[in-house]
Amino acid sequence: MFDCETTQGTFETEPKRMNQILINLVKNAIDAVDSGGEVRVSIEMSSEELTLSVRDNGPGLTSQELTKIGEPFFTTKEKGTGLGVMVTKKIVADLNGIISYESQKGAGTTVTVRLPK
């Protein structure tokens, strides 16, 4: 599902980097949910920033797993490398943004990226 607030403003950024952020976040969310699961992408824009959220209703992460998010080679996937999250965090930082993770075991995960205008 995709939710996008209708705005009249524009947001200028590096398209290739934004594309990579979206690919990595959505792919991770899709990989986390079982058949019949849900992934929701939401975008909001204010006068100061663009907020992109990707939420899934997968198995979620423990608080211990959350502290390791973004470390090289940390993954919860059977065949994952953990590098996608690390790259995504680097891209967001390069764009002067902030990325945050909220998760609860058994209740899914929400990743929020805030990028300044």
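Residues numbered from 1 in each chain as written. Predicted model: local features only at pLDDT ≥ 70, side-chain atom pairs only at ≥ 80, totals over all residues. Heavy atoms only, no water.

What follows is about the overall build of the protein. Secondary structure summary: the protein contains three helices and five strands in total. Taken from the N to the C terminus, the helices and strands of the protein come in the order β-α-β-β-α-α-β-β. Taking 2.2 N^0.38 as the reference for a compact globule, 117 residues should give roughly 13 Å; the C-alpha atoms of the protein span a radius of gyration of 14 Å, in line with that estimate. Principal axes of the C-alpha set define a box for the protein whose edges measure 40 × 30 × 20 Å. Taking all 117 residues of the protein together, the buried fraction comes to 33%. Counted over contacts in the protein with a minimum sequence separation of 6, partners at least 24 positions apart contribute 61%. Accessible area of the protein: about 7500 Å², with a carbon and sulfur share of 50%. (Helix = DSSP H or I, 4+ residues; strand = E, 2+ residues; numbered from the N terminus. Rg over C-alpha atoms; globule rule 2.2 N^0.38 Å. Buried < 20%, exposed > 50% of the residue type's maximum accessible area, 1.4 Å probe, protein only. Contact = heavy atoms within 4.5 Å. Areas by Shrake-Rupley, 256 points an atom, 1.4 Å probe, with all protein chains shown as cover.)

On to the pairing of strand β5 (residues 108–116). Two strands pair when backbone bridges link them, and strand β3 (residues 49–56) and β5 are joined in this way by eight bridges, in the antiparallel orientation. Each residue of the ladder has a partner; that of Glu 49, found in β5, is Pro 116. Sheet analysis places strand β4 (residues 98–104) next to β5, joined by seven bridges and oriented antiparallel. Its bridge partner being in β5, Ile 98 is matched across the sheet by Arg 114. Between β4 and the antiparallel strand that follows it, β5, lie three residues; Gly 106 among them carries a positive phi value of about 85°. (Pairing = 2+ DSSP bridges.)

Right, let's get into the pattern of salt bridges. Counted under the stated rule, the structure contains six salt bridges. Lys 105 is the salt-bridge partner of Glu 65, the closest N and O atoms lying 4.0 Å from each other. With Glu 65 in helix α2 (residues 63–68) and Lys 105 in the loop between β4 and β5, this pair connects stretches of sequence that are 40 residues apart. The closest approach of N and O atoms between Lys 90 and Asp 94, which form a salt bridge, is 2.8 Å. With Lys 90 and Asp 94 both in helix α3 (residues 83–94) and four residues apart, this pair spans about one turn of that helix. Linked by salt bridges that have partners in common, Glu 14, Arg 17, Lys 90 and Asp 94 make up one network. (Salt bridge = Lys/Arg side-chain N within 4 Å of Asp/Glu carboxyl O.)

Within the fold, Leu 83 resides in helix α3. In this structure the C-alpha to C-alpha distance between Leu 83 and Glu 71, which are 12 residues apart in sequence, comes to 8.0 Å.

At Asn 96, a position not held by glycine, the phi torsion is positive, near 60°. As for its position among the elements, Asn 96 is in the loop between α3 and β4.

Per-residue pLDDT for the protein has a mean of 86; in total, 91% of the residues score no lower than 70. When mean pLDDT is compared element by element in the protein, β5 scores highest at 96, while strand β1 (residues 2–4) scores lowest at 56. (pLDDT = per-residue confidence, 0-100.)

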